[in-house]
Amino acid sequence: KQEVTQIPAALSVPEGENLVLNCSFTDSAIYNLQWFRQDPGKGLTSLLLIQSSQREQTSGRLNASLDKSSGRSTLYIAASQPGDSATYLCAVRDDKIIFGKGTRLHILP
Amino acid sequence: DAGVTQSPTHLIKTRGQQVTLRCSPISGHKSVSWYQQVLGQGPQFIFQYYEKEERGRGNFPDRFSARQFPNYSSELNVNALLLGDSALYLCASSPGQRLYEQYFGPGTRLTVT
């Protein structure tokens, strides 16, 4: 049974710092992995999609990596800003889509 | 282009009642998926429909059902509501089944009293 874990559950960092969010999964037989952002009480905004054959994807200040063999993905956020404060979720796709519980990120002005 | 839309935005029901939630995918998208998100948790997969057929089902009781219409919009029905069904219900659309990015709607907040 696929399980997705995100560490840490919550993180507070000063504005301007670079940071890394972690996602691990137990079954490496996935089609892809997707990172999302969720603001309180809102829907999910897609950030990056990494296919199983890819190693990383980049969009602006965001970089996501995927290591299928070790069952890990990281989301790197460069030069963090207060507007980055949100919950970040990763989801892996095999026959279903399995989400982690998310990392609540707070950027301190 | 319009994104994924869901209706209603908020809903309050009492235990034992039935509820229908609606979702319109992005134009051209043929796959719709439904998720339940309880406060403080990640979304839990309920159903996926593609080309009007059920293509995946999560670990939810038979009280939950869904369908997809010829225009690819979808409805999620929940019968005999329980207090534990209170959650944010999210709909996502994508062009195809497995390999595509999912785009989420704003969700429907269901409160069961």
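All values derive from a computational prediction rather than experimental measurement.

**Student:** Run through the overall build of chain A, naming residues and quoting values.
**Tutor:** Of regular secondary structure, chain A possesses zero helices and 11 strands. Along the chain direction, N to C, the helices and strands of chain A fall in the order β-β-β-β-β-β-β-β-β-β-β. Scaling as 2.2 N^0.38, a compact globule of 109 residues should have a C-alpha radius of gyration of about 13 Å, and chain A matches this with 13 Å. A principal-axis box enclosing the C-alpha atoms of chain A has dimensions of 40 × 25 × 20 Å. Expressed as a percentage of the 109 residues in chain A, the buried residues total 47%. Relative to all contacts within chain A whose residues are 6 or more apart in sequence, the contacts with residues 24 or more apart total 53%. Accessible surface, chain A: about 5200 Å² in total, of which carbon and sulfur atoms supply 48%.

**Student:** Any details on the pattern of salt bridges? Residues and values, ideally.
**Tutor:** Residue and element names in this part refer to chain B. All told, the structure shown has eight salt bridges over all chains when counted by the stated rule. In this structure, glutamate 51 and lysine 30 form a salt bridge, with 3.4 Å as the shortest nitrogen-oxygen distance. Placement of the pair is glutamate 51 in the loop between β5 (44-50) and β6 (53-57) and lysine 30 in the loop between β3 (19-24) and β4 (31-37), with a sequence separation of 21 residues. Within this structure, Arg22, Arg67 and Glu75 form a network of salt bridges that share partners.

**Student:** Pulling in residues and values, what's your account of the interface of chain A and chain B?
**Tutor:** Contact residues are listed per partner, giving 20 residues for chain A and 22 residues for chain B. With both sides pooled, the region where chain A packs onto chain B buries about 1700 Å², and carbon together with sulfur makes up 50% of that total. When residues of chain A are sorted by the area they lose upon contact with chain B, Arg93, Ile97 and Phe99 of chain A head the list and together hold 29% of the total. Summed over the shared surface of chain A and chain B, the result is three residue pairs in polar contact (both at pLDDT 80 or more). Every element with two or more residues in the side of chain A that touches chain B is listed here: β4 (32-38), β5 (44-51), β9 (86-93) and β10 (97-99) of chain A.

**Student:** Can you tell me about the side chain of glutamine 102 of chain B, naming the residues and giving the values?
**Tutor:** Relative to the helices and strands, glutamine 102 of chain B is located in the loop between β9 (87-94) and β10 (103-104). Excluding residues within four positions of it along the chain, glutamine 102 of chain B makes contact with Gln34, Phe36, Ser46, Arg93 and Ile97 of chain A together with Ser33, Tyr35, Ala92, Ser93 and Ser94 of chain B.

**Student:** Break down the sheet that holds strand β1 (residues 5-7) of chain B for me, citing the residues and quoting the values.
**Tutor:** Hydrogen bonds between backbone atoms are what pair the strands of a sheet, whose relative direction is either parallel or antiparallel. Residue and element names in this part refer to chain B. On the basis of which strands lie adjacent, the open sheet formed by four strands has the order β1-β3-β8-β7 and antiparallel pairing. Both edges of this open sheet fall to β1 and β7 (64-68), since each of them pairs with a single strand only. When strand polarity is set aside, the average angle formed by the axes of neighbouring strands in this sheet is 15°. In the sheet, β1 pairs with β3 via three bridges, with the strands oriented antiparallel. Considered in β3, the bridge of threonine 5 is made with serine 24.

**Student:** I'd love a proper account of the layout of surface pockets, names of residues and values included.
**Tutor:** In this structure, the largest pocket encloses a volume near 450 Å³. The leading source of residues in the lining of the largest pocket is β10 of chain A, at three residues. Looking at side-chain class alone, the lining of the largest pocket contains seven nonpolar, eight polar and four charged residues. In this structure, the second largest pocket encloses a volume near 370 Å³. Lining the second largest pocket we find 20 residues, and of these Gln38 and Thr87 of chain A together with Gln37, Leu39 and Gly40 of chain B sit closest to its centre.

**Student:** How would you explain the nonpolar core if you had to name every residue and give the values?
**Tutor:** Residues Leu33, Trp35, Leu75 and Tyr88 of chain A are the most contacted members of the largest nonpolar core, which totals 23 residues. Not counting residues up to four positions away in its chain, the partners in contact with leucine 33 of chain A are Cys23, Phe25, Leu48, Leu49, Ile50, Leu66, Ser73, Cys90, Ala91 and Val92 of chain A. Among the nonpolar cores identified, the runner-up in size contains 22 residues, and Ile26, Ala87, Tyr89 and Leu110 of chain B belong to it.

What counts as what
- Residues numbered from 1 in each chain as written.
- Chains lettered and ligands numbered in written order.
- Predicted model: local features only at pLDDT ≥ 70, side-chain atom pairs only at ≥ 80, totals over all residues.
- Heavy atoms only, no water.
- Helix = DSSP H or I, 4+ residues; strand = E, 2+ residues; numbered from the N terminus.
- Rg over C-alpha atoms; globule rule 2.2 N^0.38 Å.
- Buried < 20%, exposed > 50% of the residue type's maximum accessible area, 1.4 Å probe, protein only.
- Contact = heavy atoms within 4.5 Å.
- Areas by Shrake-Rupley, 256 points an atom, 1.4 Å probe, with all protein chains shown as cover.
- Salt bridge = Lys/Arg side-chain N within 4 Å of Asp/Glu carboxyl O.
- Buried area = accessible area lost by both parts, 1.4 Å probe.
- Polar contact = N/O pair within 3.5 Å; in protein donor to acceptor, adjacent residues only side chain to side chain.
- Pairing = 2+ DSSP bridges.
- Axes fitted to C-alpha atoms, helices over the stretch in contact; angles between N-to-C directions.
- 1 Å grid on protein atoms, 1.4 Å probe; cavity = no way out; pocket = protein on both sides within 12 Å on 5 of 7 lines; lining within 4 Å.
- Points joined across faces, edges and corners; volume = space filled by probe spheres on them.
- Nonpolar A, V, L, I, M, F, W, Y, C, P; charged D, E, K, R; others polar.
- Core = buried A, V, L, I, M, F, W, Y, C linked by side-chain atoms within 4.5 Å.

Bear in mind that shape data such as this cannot, by itself, settle questions of function.
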